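Survey of secondary and tertiary structure
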Amino acid sequence: MLDVVARCPLPTVLLALPSGQILAASPVAEHLLCPDGDQVVGKRFEDFTADPSTDPLDQVAAGLLDGYEARRSVRRGGRAVRMTVWIRAVDGAEGRRFALVKLLPDAVTPAEALRRPEGPAAEAVVGSTDAHLVIDRISPDAADLVDLPPAHVVGQSLFRTVDGGDVGPLLRALARSVDTGLGSSLRVQVQLFGLRANRCQLLLLPMRPLPGFAFALLDEESTDALTSAAGMQQTLWHFDHVLRSATASRTAATLPTDAALGRLSSRELEITLRLLDGDRVPAIARALFLSPSTVRNHLSSVFRKFGLGSQQELIHLLRGTDTPSGTP
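Report follows, based on the coordinates. Numbers given for residues are sequential positions, taken from 1 along each chain in its written order. Reporting in this predicted model follows two pLDDT cut-offs: at least 70 for local features of residues, and 80 or more for side-chain atom pairs to be given and counted; totals over whole chains, interfaces and linings ignore these cut-offs and use all residues. Hydrogens are left out, water is left out, and the side-chain values use all remaining heavy atoms of the structure.

Right, let's get into the sheet that holds strand E9 (residues 195-206). Any two strands are treated as partners once DSSP identifies two or more bridges connecting them. Under the DSSP-based scheme used, a helix requires at least four consecutive residues in state H or I and a strand at least two consecutive residues in state E, with every element numbered from the N terminus. Taking strand neighbours across the sheet as the criterion, the 10 strands line up as E2-E1-E5-E4-E3-E8-E9-E10-E6-E7 in an open arrangement whose pairing is antiparallel. Looking at strand neighbours, the two that pair on one side only are strand E2 (22-25) and strand E7 (135-138), the edges of this open sheet. Between one strand and the next, the sheet's axes are offset by a mean angle of 30°, whatever the strand orientation. With four bridges connecting them, strand E6 (residues 125-129) and strand E10 (residues 213-219) associate as antiparallel partners. Across the sheet, the residue bridging to serine 128 is alanine 214, located in E10. Orientation is described by lines fitted to C-alpha atoms, with helices fitted over the stretch in contact, and by angles between N-to-C directions that extend from 0 to 180 degrees.

This part takes up unusual backbone geometry. In this structure, the amide linkage connecting leucine 17 to the following residue, proline 18, adopts the cis form with an omega of 10°. In this structure, aspartate 147 takes a positive phi of about 55° despite not being glycine. Looking at where aspartate 147 falls in the secondary structure, it is placed in the loop between helix H5 (142-146) and helix H6 (150-153). With a phi angle near 55°, phenylalanine 193 is a residue other than glycine that sits in the positive phi range. Tracing the backbone through its elements, the reader meets phenylalanine 193 in the loop between strand E8 (184-192) and E9.

Counted as salt bridges are all cases of a side-chain nitrogen of Lys or Arg within 4 Å of a carboxyl oxygen of Asp or Glu. Under the defined criterion, the tally for this structure stands at 12 salt bridges. Note that arginine 72 and aspartate 51 form a salt bridge whose closest N and O atoms lie 3.2 Å from each other. Here aspartate 51 lies in the loop between helix H2 (27-33) and helix H3 (57-61) and arginine 72 lies in strand E3 (residues 67-76), a separation of 21 residues in the sequence. Across this residue pair, the class does not change: arginine 72 and aspartate 51 are buried. Residues arginine 199 and aspartate 166 are paired through a salt bridge, measuring 3.1 Å at the closest nitrogen-oxygen approach. With arginine 199 in strand E9 and aspartate 166 in the loop between H6 and helix H7 (167-180), this pair connects stretches of sequence that are 33 residues apart. Connected via shared salt-bridge partners are Glu46, Asp51, Asp55, Arg72 and Arg82. Classification of residues uses two cut-offs on accessible area relative to the type maximum, computed with a 1.4 Å probe and protein chains only: under 20% is buried, over 50% is exposed, and between them is partly exposed.

Written as structure tokens, this is what we have:
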């Protein structure tokens, strides 16, 4: 499994728990941690940081927390580079726990830092809650997860959507995020009105500057990531996808309110936000490993849901600017 991480195109590190020793690192991660080419594997992650750790890695090792977002400074020569670090627990053989680490430098946007590997597209359920943790928006993908239309999920407490045994971990993850202003992740059993889904990866991001949380849920049946190469590749894919999806959901909450936003699938939402960032169809297709025709099909669906006829109309609507000259 170490080879899977070492060949990964994402900036990923695998840590032993509870020591924090680096067992494997992708080439991108090695360059971020040690651009002069020195050895990374065998050292502790803290050996490369310039600030004291306040991260709850011990809680991950103890099984009290599944994953979290942290802000760290990494030494690069004579300077320190600020990074967002995402930690996620993975289970190995004989009950051993390890941690996957994703590195996201501030100077690089997530879209540029994470290059999604080719493979079948995972679909996440994305949404947001209000300040009282009541779901106020959820994507139509929810129907595939719990066989319920989104209208039946909106208005439910986030706590009602998970099994009773997961309420405690969810409370701990939310408390940490409220305290630090940073994201958390955990694996939960989704259920609502007696309908149950597979175990899912839930990623929570505090709104900025609004109250409440953005979230992404991704069906994740595999619990043995380190017992097979396929399991590890699936885990890396899922971690990447759920991070992108939750980030897109948080960004969507800052856009002008429009009912059509709640009708976009997670893939349509990500494509729409890339369009707002200035990307065009060829660039979006390359970034998401889709064909340009598939991206155009998704955009056509977005236009129908908003009742618009062009990319420019969509951009002006979501940016809250005036309709372009000559457009009815």
